[in-house]
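Chain residues, written in single-letter form:
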Amino acid sequence: MKLYCLSGHPTLPCNVLKFKSTTVMLDCGLDMTSALNFLPLPLVHSPRLAKLPGWVSKDGNTFLEKELKECAGRVFVDSLPEFCLPERELLDLSTIDVILISNYHCMMALPYITEHTGFTGTVYATEPTLQIGRLLMEELVNFIERVPKAQSATCWKNKDIQRLLPAPLKDTVEVSTWKSCYTMQEVNSALSKVQLVGYSQKIELFGAVQITPLSSGYSLGSSNWIIQSHYEKVSYVSGSSLLTTHPQPMDQSSLKNSDVLILTGLTQIPTANPDGMLGEFCSNLAMTVRTGGNVLVPCYSSGVIYDLLECLYQFIDSASLTTIPFYFISPVANSSLEFSQIFAEWLCHNKQSKVYLPEPPFPHAELIQTNKLKHYPSVHGDFSNDFKQPCVVFTGHPSLRFGDVVHFMELWGKSSLNTIIFTEPDFSYLEALAPYQPLAMKCVYCPIDTRLNFIQVSKLLKEVQPLHVVCPEQYVRPPPAQSHRSDLMLDCQPPTMPYRRCSVLSLPFRRRYERIELLPELADSLVPSEIKPGISVATVTAVLHSKDNKHVLRPTLKLALAPPPSKKRKRVLEEPPEHRAPKPLLSGAVPIEQFLATLQKHGITEVKVEDTPDGHILHLQDEDTLIQLEEDSTHIICDNNEMLRATLRDLVLRFLQKF
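Model, not experiment: these values are computed from the prediction.

Draft legend 1. Quick peek at the overall build of the chain. Along the chain, the regular secondary structure elements total 17 helices and 35 strands. Relative to the globule expectation of 26 Å for 659 residues, the C-alpha radius of gyration of the chain, 35 Å, shows a markedly less compact shape. Overall size of the chain, expressed as C-alpha extent along the three principal axes, is 115 × 65 × 60 Å. Of all intrachain contacts in the chain linking residues separated by at least 6 positions in sequence, the fraction that spans at least 24 positions is 70%. Within the chain, the 69 negative side-chain charges are centred at a point lying 4 Å from the centre of the 60 positive side-chain charges.

What follows is the structure, encoded as structure tokens:
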């Protein structure tokens with residue numbers, strides 16, 4: 001059993017598991033942090049960005065000035081942003097049988113895998129994961145395509161040229177795997193390969209293994225996966241949460257008795273308490289709007305935004321914010337808000353019960369009805385007419401490189417009355433702000449990540465007790481900025497098996513058993529012999545038939561000899577194997593005292609007994625013969641006296657059982 005690691009990002013995993021005769025891809029996350037090296041894509045013409053000077057090397061060379069621009073003391077790529085794909089050279093991705101998706105953030109690279117590698121298999125995901133994943137892909141494509149660039153930058157990626165560039169461009173890795181965004185046609189084609197599954201549903205893969213999704217408690221429809229045969233079990237834990245938020249709670253008990261547990265997607269902010277961050281978010285938001293400022297919240301169109309809106313719903317009245325408008329701007333804003341209300345069976349029990357009252361599970365429905373929350377597909381159109389300040393705007397993208405958020409950064413960045421509040425932990429907020437410096441607006445970092453922290457993981461591993469744990473190498477050492485914090489790493493027994501991008505792990509357990517079925521007529525012909533009280537044994541002579549990883553023992557049949565092949569048939573026919581009656585098997589032990597007495601009765605009196613580590617050696621001195629009695633075998637060494645050897649054999653057989 002092998003694990004191929006195609007991504008080095010711990011929360012955006014992409015691994016391939018070869019288990020028995022199946023090849024299973026576990027997630028296909030897309031690392032978008034590469035976009036931080038690119039200039040923002042403004043929806044509205046930005047004179048500031050349009051006038052940026054091209055980069056000139058120290059020796060005065062200007063050959064890259066059209067590709068690279070200097071901005072706020074940094075050098076950025078002036079092109080459509082590109083994303084870091086999972087590794088595609090480590091193994092032939094066309095051999096993948098199935099792709100298992102754990103949550104909608106971990107499927108953003110799916111079109112690159114299914115449309116450009118010869119993939120012909122099936123993708124398994126829950127319905128909310130599919131639908132919200134579709135929204136996030138549609139939003140991403142929309143963000144990129146509505147601000148086209150005349151040319152793409154490629155020369156700077158040459159290794160010899162990249163070495164000459166200033167940091168951080170010269171330090172970026174895997175630039176050869178960076179690709180521009182896919183199209184909506186590729187998205188639709190990729191998602192047409194998805195087969196929907198429900199929690200605890202068991203799916204057979206080619207008769208070899210069985211896969212089962214379990215609730216992971218992180219987001220709507222998010223899953224952990226069990227991959228098991230009759231005798232081996234692998235658990236894949238990705239993006240899980242034990243906090244009481246809107247999704248169904250995590251199913252922990254089904255992870256027990258795993259041979260291997262693959263652990264990814266822990267919190268990216270292990271020192272930040274999500275409840276504390278929500279409190280800071282609300283208080284900073286209130287302080288800004290009370291002084292007449294605007295609040296900008298860069299966020300994804302699904303996920304944490306539901307919790308932010310619920311928190312604000314409870315906070316609005318007490319903070320006297322009832323007159324402040326809230327705007328949610330995204331090409332998929334309407335669909336996202338509606339989807340969250342209709343996936344009732346995927347919600348926690350508290351929110352499920354509201355559906356039967358009937359009440360909407362999320363309070364943002366009431367915010368929309370009372371006009372406190374308004375949603376728009378873009379800053380163009382109706383939003384321009386309805387826009388009032390001060391206000392709070394939720395929009396994307398959290399990288400600040402594309403989407404409507406770029407317009408608000410240009411619009412509000414020059415005033416210290418305004419505040420930008422970062423809640424998504426996927427991007428460094430300092431890196432995200434780099435092309436907008438100098439910035440007058442206040443910046444608040446309130447990362448909200450509900451995924452498992454190291455304390456919760458340690459407790460979970462003690463409860464489910466897997467034999468082996470596999471995880472990204474980032475989890476087996478403290479964070480670089482907090483190297484003294486030994487509590488911010490995994491420390492379990494046996495030691496974890498860490499992986500990095502492009503590593504191949506041989507998982508440390510071997511298959512020991514295989515299940516075989518007996519046909520009824522064969523079982524009926526067996527004659528068991530009792531060898532110990534309560535234990536019976538029978539010999540089986542049969543033909544093993546294997547197809548689609550199912551193994552069946554069938555009775556042997558005496559086949560008629562095949563007719564001689566005609567001239568037209570060139571293929572050589574093999575003669576059927578001869579079926580001979582099997583020799584009986586022997587069991588039991590030869591008791592030394594009783595055996596000596598039996599020999600004496602048959603006239604063999606001069607016997608010297610020697611004890612050995614494995615049993616006894618009997619030397620029949622007059623007959624010049626040796627008998628080796630061992631635990632699992634008996635040897636009679638007798639030269640040129642076949643009659644004596646046969647007599648001794650028959651005496652030994654008296655003490656053994658035949659079956």
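Draft legend 2. Here's a closer look at the pattern of salt bridges. All told, the structure shown has 14 salt bridges when counted by the stated rule. Across the salt bridge formed by E82 and K157, the nearest N and O atoms sit 2.8 Å from each other. You can see E82 sitting in the loop between β5 (74-77) and β6 (83-84) and its partner K157 sitting in the loop between α3 (127-145) and α4 (159-162), a full 75 residues away along the chain. D449 is the partner of R451 in a salt bridge, and the nearest nitrogen-oxygen pair spans 2.9 Å. Both residues of the pair, R451 and D449, count as buried. Counted as one network, the salt bridges with shared partners bring together E87, E174 and R501.

Draft legend 3. Structural view of the sheet that holds strand β7 (residues 98-100). Strand order in the open sheet made by the 7 strands is β10-β8-β7-β3-β2-β1-β24, with mixed pairing throughout. Looking at strand neighbours, the two that pair on one side only are β10 (194-196) and β24 (504-506), the edges of this open sheet. Sheet twist, expressed as the average angle between the axes of neighbouring strands with direction ignored, equals 25°. Summarising the sheet, β7 and strand β8 (residues 122-125) pair through 3 bridges and their orientation is parallel. Residue pairing across strands places I99 opposite V123, the latter belonging to β8.

Draft legend 4. Spotlight on the packing of aromatic side chains. For the structure on display, the rule yields 19 aromatic pairs. Pairwise contacts between aromatic rings join Y327, Y376, F383, F387, F408 and W412 into one cluster.

Draft legend 5. Molecular detail of helix α14 (residues 454-464). Along α14, the residues classified as buried are F454, Q456, V457, L460, L461 and V464. For α14, the arc enclosing every buried residue in end-on projection is 155°, short of the 170-degree limit, so these residues lie on one face. For α14, the exposed residues lying more than 90 degrees away from the buried face are I455, K459 and K462. Tucked into the core, α14 has its buried residues touching β15 (260-264) and β22 (468-472).

Draft legend 6. Highlighting the sheet that holds strand β28 (residues 542-547). Taken together, the 3 strands give an open sheet; going across it, the order is β25-β29-β28, and neighbouring strands pair in mixed fashion. Every interior strand has two partners, whereas the edge strands, β25 (517-518) and β28, have only one. Relative to strand β29 (residues 550-555), β25 runs parallel, the two sharing 2 bridges. Pairing of L518 across the sheet is with L553, part of β29.

Draft legend 7. Broad picture of the packing of α3 against helix α5 (residues 184-191). The geometry of α3 relative to α5 is characterised by a closest axis approach of 10 Å and an angle of 165° between their N-to-C directions. Considering their axes alone, α3 and α5 lie roughly antiparallel with respect to each other. Pair α3 / α5 crosses with right-handed handedness. Residues L130, R134, M137, E138 and V141 of α3 lie in contact with α5, whose contacting residues are M184, V187, N188 and L191.

Draft legend 8. Up close: the packing of helix α6 (residues 274-290) against helix α7 (residues 304-315). Where α6 contacts α7, the axes come no closer than 10 Å and their chain directions differ by 60°. What the angle tells us is that α6 and α7 run oblique. Considering the relative orientation of α6 and α7, their crossing is right-handed. Residues L278, F281, C282, S283, L285 and A286 of α6 pack against D307, L308, C311, L312 and F315 of α7.

Draft legend 9. Geometry of the nonpolar core. Residues M25, I99, L110 and F394 are the most contacted members of the largest nonpolar core, which totals 111 residues. No other element matches α3, which puts 9 residues into this core. Apart from residues lying up to four places away in sequence, F394 is in contact with F281, V297, C299, I305, L308, L309, L312, F326, Y327, F328 and I329. By size, the runner-up hydrophobic cluster in this structure holds 26 residues, among which are Y124, V197, I227 and V470.

Draft legend 10. Region of interest: the environment of I592. For I592, the location among the structural elements is in helix α16 (residues 592-601). For I592 and L629, which are 37 residues apart along the polypeptide, the C-alpha to C-alpha distance reads 8.6 Å.

About the criteria used
- Residues numbered from 1 in each chain as written.
- Predicted model: local features only at pLDDT ≥ 70, side-chain atom pairs only at ≥ 80, totals over all residues.
- Heavy atoms only, no water.
- Helix = DSSP H or I, 4+ residues; strand = E, 2+ residues; numbered from the N terminus.
- Rg over C-alpha atoms; globule rule 2.2 N^0.38 Å.
- Contact = heavy atoms within 4.5 Å.
- Lys, Arg positive; Asp, Glu negative; His and termini not counted.
- Charge placed at Lys NZ, Arg CZ, Asp CG, Glu CD.
- Salt bridge = Lys/Arg side-chain N within 4 Å of Asp/Glu carboxyl O.
- Buried < 20%, exposed > 50% of the residue type's maximum accessible area, 1.4 Å probe, protein only.
- Pairing = 2+ DSSP bridges.
- Axes fitted to C-alpha atoms, helices over the stretch in contact; angles between N-to-C directions.
- Phe/Tyr/Trp six-rings, centres within 6.5 Å; stacked < 30°, edge-to-face > 60°.
- Arc of directions from axis to C-beta.
- Parallel < 35°, antiparallel > 145°, perpendicular 65-115°, else oblique.
- Left-handed = near helix turned anticlockwise from the far one by under 90°.
- Core = buried A, V, L, I, M, F, W, Y, C linked by side-chain atoms within 4.5 Å.

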